Amino acid sequence: MKICILYGSPRKKNTYAAVQQIKERLRLHEEVEFVEYILQKEPHDFCCGCYTCINGAEEKCPHAAHVQPVIQAMRGADGLIFATPVYVMDMTAQMKAFLDHTGYFYMVHRPYPEMFQKSALVVSTAAGAGTKDANASVVRSLKHWGVRRIYSCGISIFAPGWDAIPASRKRKIEKRLDCVTDAFWRSLGAKKRPTMHTRLLFFAMKQMQKRKKGTGADATYWKQQGWLDGKKPF
Ligand SMILES: Cc1cc2nc3c(=O)[nH]c(=O)nc-3n(C[C@H](O)[C@H](O)[C@H](O)COP(=O)(O)O)c2cc1C
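Residues numbered from 1 in each chain as written. Predicted model: local features only at pLDDT ≥ 70, side-chain atom pairs only at ≥ 80, totals over all residues. Heavy atoms only, no water.

Going by what an unreviewed UniProt entry lists, the protein is known as NAD(P)H-dependent oxidoreductase and is assigned to Anaeromassilibacillus senegalensis.

What follows is the structure in structure tokens.
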């Protein structure tokens, strides 16, 4: 089992601690290989809006050398974990900067077939408020990638740090993390269809590609996949 983890911050504190517990829990179930990227430590760049990827040449993105290894690692993994602290009620800028580079494989463009077989777990930590919005922002992208099952867990620390959380509340947090990790793990082996939302979105995008009758990169890709002739990625 291979899991790709993306950290939205280089700070190895609250969010990192939550992920370490998730990793431990996963290891109880089976042997897992973790491929991890700390987005700020990896050289990364803001999308410059050149449209190179959207127009069909993602390998020529000016930041491809930094972005493509992460994307290819995700494609090769069974499951994905996105971990971000909440910064001003949302994911960190590092995480958003990475997600901006993934627009070309949104379902509206050229979705990767293997994304429809994957599960993801989104985890965020906040001092108090904002995990719901931060998780929702990340989840929205994953839905557009076609990820089959998406789980999320938001943790409000309400303490100066992870180690300062009172024991009784810490136990509750750990229980929630274990529960969501188990659900994520169970979904990795399951041969489930994507959610109705994903199937409807795929169907809508297929109709759009059919109507366009275009020769652009997206239209060519959809034709090559056989998706305009009834084949499905799930
Ligand atoms: C720039 C910045 C913005 C933050 N914004 C929020 C916020 O909107 N809501 C909140 O509850 N905590 C906020 N926090 C606190 C962090 O989300 C919280 O401490 C988190 O657990 C830190 O995770 P880390 O230890 O993995 O870095 C913010 C922290 C920073 C540095």
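Overview of the pattern of salt bridges
Following the criterion strictly, the structure yields seven salt bridges and no others. Glu36 is the salt-bridge partner of Lys23, the closest N and O atoms lying 2.9 Å from each other. One end of the pair, Lys23, is in helix α1 (residues 14-29); the other, Glu36, is in strand β2 (residues 33-38), with 13 residues separating them in the sequence. Across the salt bridge formed by Arg25 and Asp178, the nearest N and O atoms sit 3.5 Å from each other. Residue Arg25 is found in helix α1, and its partner Asp178 is found in helix α5 (residues 167-189); the two are separated by 153 residues along the sequence. For Arg25, a relative accessible area of 23% puts it in the partly exposed group. Within the structure, one salt-bridge network assembled from shared partners comprises Arg25, Asp178 and Asp182. (Salt bridge = Lys/Arg side-chain N within 4 Å of Asp/Glu carboxyl O. Helix = DSSP H or I, 4+ residues; strand = E, 2+ residues; numbered from the N terminus. Buried < 20%, exposed > 50% of the residue type's maximum accessible area, 1.4 Å probe, protein only.)

Regarding the site of the ligand
Close to the ligand lie 15 residues; Thr15, Val86, Thr125, Gly128 and Ala129 are nearest. The backbone of Met89 places a nitrogen or oxygen atom 2.9 Å from an oxygen atom of the ligand. Interatomic distance of 2.7 Å between a side-chain N/O atom of Thr125 and an oxygen atom of the ligand. Contributing elements (two or more residues each) for the shell around the ligand: α1 and β4 (119-126). By residue class, the composition of the shell around the ligand is nine nonpolar, four polar and two charged. (Near = heavy atom within 4 Å. Polar contact = N/O pair within 3.5 Å; in protein donor to acceptor, adjacent residues only side chain to side chain. Nonpolar A, V, L, I, M, F, W, Y, C, P; charged D, E, K, R; others polar.)

Details of the sheet that holds strand β3 (residues 79-85)
Here five strands make up an open sheet; going across it, the order is β2-β1-β3-β4-β5 and the pairing parallel. The strands lining the two open edges of the sheet, one partner per strand, are β2 and β5 (149-156). The mean inter-strand angle of the sheet, taken between neighbouring strand axes irrespective of direction, is 15°. Here seven bridges tie β3 to β4, and the two strands are oriented parallel to one another. When the sheet's bridge partners are listed, Ala83 is paired in β4 with Val123. (Pairing = 2+ DSSP bridges. Axes fitted to C-alpha atoms, helices over the stretch in contact; angles between N-to-C directions.)

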